[in-house]
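Next come the chains, spelled out residue by residue.
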Amino acid sequence: MSIAKTERRPRGELARVLVVDDEADIRELLDLTVARMGLSADCAASIAEARGFLQRQSYQLCITDMRLPDGDGLEIVKLIGEDYGETPVAVITAFGSAQNAVAALKAGAFDYLAKPVALDQLRSLIKSALSLPRRDGVLDDGRLVAATGQLIGASGAIEQVRQMIEKLARSQAPVYISGESGTGKELAARLIHDQSSRHAAPFVPVNCGAIPENLMESEFFGYRKGAFTGADSDREGFFQAAKGGTLFLDEVADLPLAMQVKLLRAVQEKKVRKVGSAVEELVDVRIISATHQILKICVDEGLFRQDLYYRLNVIELRMPPLRERHEDVAPLVAALLARICDGQVPRLEPQALRALENYSFPGNVRELENILERATALCSGNAVLVDDLQLAPATAVGGSLGRDGETLDDYINRIERQAILEALSKTAFNRTAAARLLGVSFRSLRYRIERLRIEE
Ligand SMILES: Nc1ncnc2c1ncn2[C@@H]1O[C@H](COP(=O)(O)OP(=O)(O)OP(=O)(O)O)[C@@H](O)[C@H]1O
């Protein structure tokens, strides 16, 4: 790869878009739209032609069809990802081909457009791609976007999360953030938004478990005046409030099934309909979802729609529990104490730090925050001692023991199932790697998967 391909476009020079499509009328439509936006386009009819253009010229965006005469659009996504990483790639998928869109996003595509291409969607996609920060976090106007420095921790696991956040910020793909309560899922979602091309638009966090079921549709999609008693004026919903930005659906597993159907439509069509309105409106919103539950189990238990699961969980970001990264405790303590005390920061006795490093933190970083807040209020003088921490006695990993009426066998099966699903999700459903992680043989894992009827 030559240096020129990753260089920024000099100030004043037109941004260039590479269009790859074998259908002349689509090439023309894209070429015209790009030109009307004051940009310049090169058009290729095949992968081979696109390769030639990429070797000669750097691009701020590539838009490619999925079906090309000498291969498929995913090849372009991969080629650019490997050799021309600064260039975002959007794919055009056939009407209703959700699988293609998901596959392209998983392969690293920046976004997708479904045929027939809607012009306003195309324009907003181009605008988003052009306002993407560079890999080093510098925007087109030279400003630096918020760095992932707010995510404290020096462990390999947190470093991986930081890298993943940076990668996800350069895409529009739906992200599903998994992890126990208090591991920093919302913080990670905010960081993805802050570093993305959407950073100037709103980040709207929604706790799906906190909205009464009968108000859900109007809270999400808004309503028209007169839609129901008390609707005395038009109101926007979360989707409209997050226009151009990011909608963070926290505790998404708590959405009732009826609402899941409506959300699926909104995600798939990128359109919503206000309660009481006859027309649908386009909404340009990126969805990041999270839950502390294991969503795959909710799907298996029939509580969460599988089709919605696949649309939301295009890319998973796993937030590791604090007990898996004890080396993060000391830097977190230092940062949290500075945040809590704002000025006179007390000293943590070495014994107190050791006690924290050996603690299992069922409530993760949020629990550490609470422990430190309480300890700073309780401590006398300027030192926090072990007793000030008031650590709870060791608890079982993974939370409560048994649910109401659960037999011992059910309980053991549930924990086993949870451990297997976690291992499978950590290893991208590679059974050999998952078996290694669980310390069992491949055959034993296969047997357990069958016995517990786990579907991948
Ligand atoms: N690595 C981190 N560095 C600094 N602060 C962190 C980190 N992880 C979590 N926090 C802080 O811990 C608190 C809990 O984080 P957050 O709300 O993002 O967790 P969560 O996983 O979304 O929790 P829940 O599942 O309960 O909604 C917040 O105050 C957040 O700023």
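Each value, and the rule that gives it
Residues numbered from 1 in each chain as written. Predicted model: local features only at pLDDT ≥ 70, side-chain atom pairs only at ≥ 80, totals over all residues. Heavy atoms only, no water. Helix = DSSP H or I, 4+ residues; strand = E, 2+ residues; numbered from the N terminus. Buried < 20%, exposed > 50% of the residue type's maximum accessible area, 1.4 Å probe, protein only. Contact = heavy atoms within 4.5 Å. Areas by Shrake-Rupley, 256 points an atom, 1.4 Å probe, with all protein chains shown as cover. Disulfide = S-S within 2.5 Å. UniProt positions renumbered as here; feature names shortened; annotations may be inferred. Pairing = 2+ DSSP bridges. Axes fitted to C-alpha atoms, helices over the stretch in contact; angles between N-to-C directions. Expected span 1.5 Å × (residues − 1). Arc of directions from axis to C-beta. Parallel < 35°, antiparallel > 145°, perpendicular 65-115°, else oblique. Left-handed = near helix turned anticlockwise from the far one by under 90°. Nonpolar A, V, L, I, M, F, W, Y, C, P; charged D, E, K, R; others polar.

## Structural notes on the overall build of the chain
Tallying secondary structure elements over the chain gives 19 helices and 16 strands in all. Counting the 456 residues in the chain, one finds 46% classified as buried. For the chain, contacts bridging at least 24 residues in sequence account for 69% of all contacts bridging at least 6. Put simply, the chain shows about 22,300 Å² of open surface, and 50% of that area lies on carbon and sulfur atoms.

## Quick notes on the state of the cysteines
Applying the stated rule across the entire model yields 0 disulfides. In this model Cys379 remains outside any disulfide bridge; the closest cysteine sulfur is found in Cys341, 7.7 Å from its own.

## Some remarks on the UniProt feature "modified residue: 4-aspartylphosphate" (unreviewed entry) in the chain
Taken from the UniProt record, the annotation "modified residue: 4-aspartylphosphate" (unreviewed entry) applies to Asp65. Tracing the chain through its elements places Asp65 in strand E3 (residues 61–65). If we skip the residues at most four places from it in the chain, Asp65 touches Val20, Asp21, Asp22, Glu23, Gly73, Ile92 and Lys115.

## Thoughts on the sheet that holds strand E2 (residues 40–44)
Strands sit in the order E2-E1-E3-E6-E7 across an open sheet of 5 strands; the sheet is parallel. Lying at the two open borders of the sheet, with one neighbouring strand each, are E2 and strand E7 (111–114). When strand polarity is set aside, the average angle formed by the axes of neighbouring strands in this sheet is 20 degrees. In this structure, strand E1 (residues 16–20) lies alongside E3, joined through 4 bridges in parallel fashion. Residue Val19 lies in a different strand from E3, and its bridge partner there is Ile63.

## What about the pairing of E3?
Burial analysis of E3 places 5 of its 5 residues in the buried class, the great majority of the element. Alternating residues of E3 divide into Leu61, Ile63 and Asp65 and Cys62 and Thr64, and every residue in both groups is buried. Sheet analysis places E3 next to strand E6 (residues 89–93), joined by 4 bridges and oriented parallel. Across the sheet, the residue bridging to Thr64 is Val91, located in E6.

## Some thoughts on helix H6 (residues 156–169)
Counted at 1.5 Å a residue, the expected span for H6 with its 14 residues is 20 Å, and the 20 Å between its end C-alpha atoms agrees. Taken as a whole, H6 has its buried residues at Ile158, Val161, Arg162, Ile165, Leu168 and Ala169. Looking straight down H6, one finds its buried side chains confined to an arc of 130 degrees; they lie on one side. When the buried face of H6 is taken as reference, the exposed residues oriented beyond 90 degrees from it are Gln160 and Lys167. Buried residues along H6 sit in contact with strand E8 (175–178), helix H7 (185–194), strand E13 (286–291) and strand E14 (315–318).

## A closer look at the packing of helix H17 (residues 408–426) against helix H19 (residues 442–451)
At a minimum axis separation of 11 Å, H17 and H19 run at an interaxial angle of 120 degrees. On the basis of the axis angle, H17 is oblique to H19. For the pair H17 and H19, the crossing hand works out as left-handed. Contact with H17, carried on its side by Asn413, Glu416, Ile420 and Leu424, involves Leu445, Arg448, Ile449 and Arg451 of H19 and no other residues of that element. Residue composition of the contact of H17 with H19, grouped by class: 4 nonpolar, 1 polar and 3 charged.

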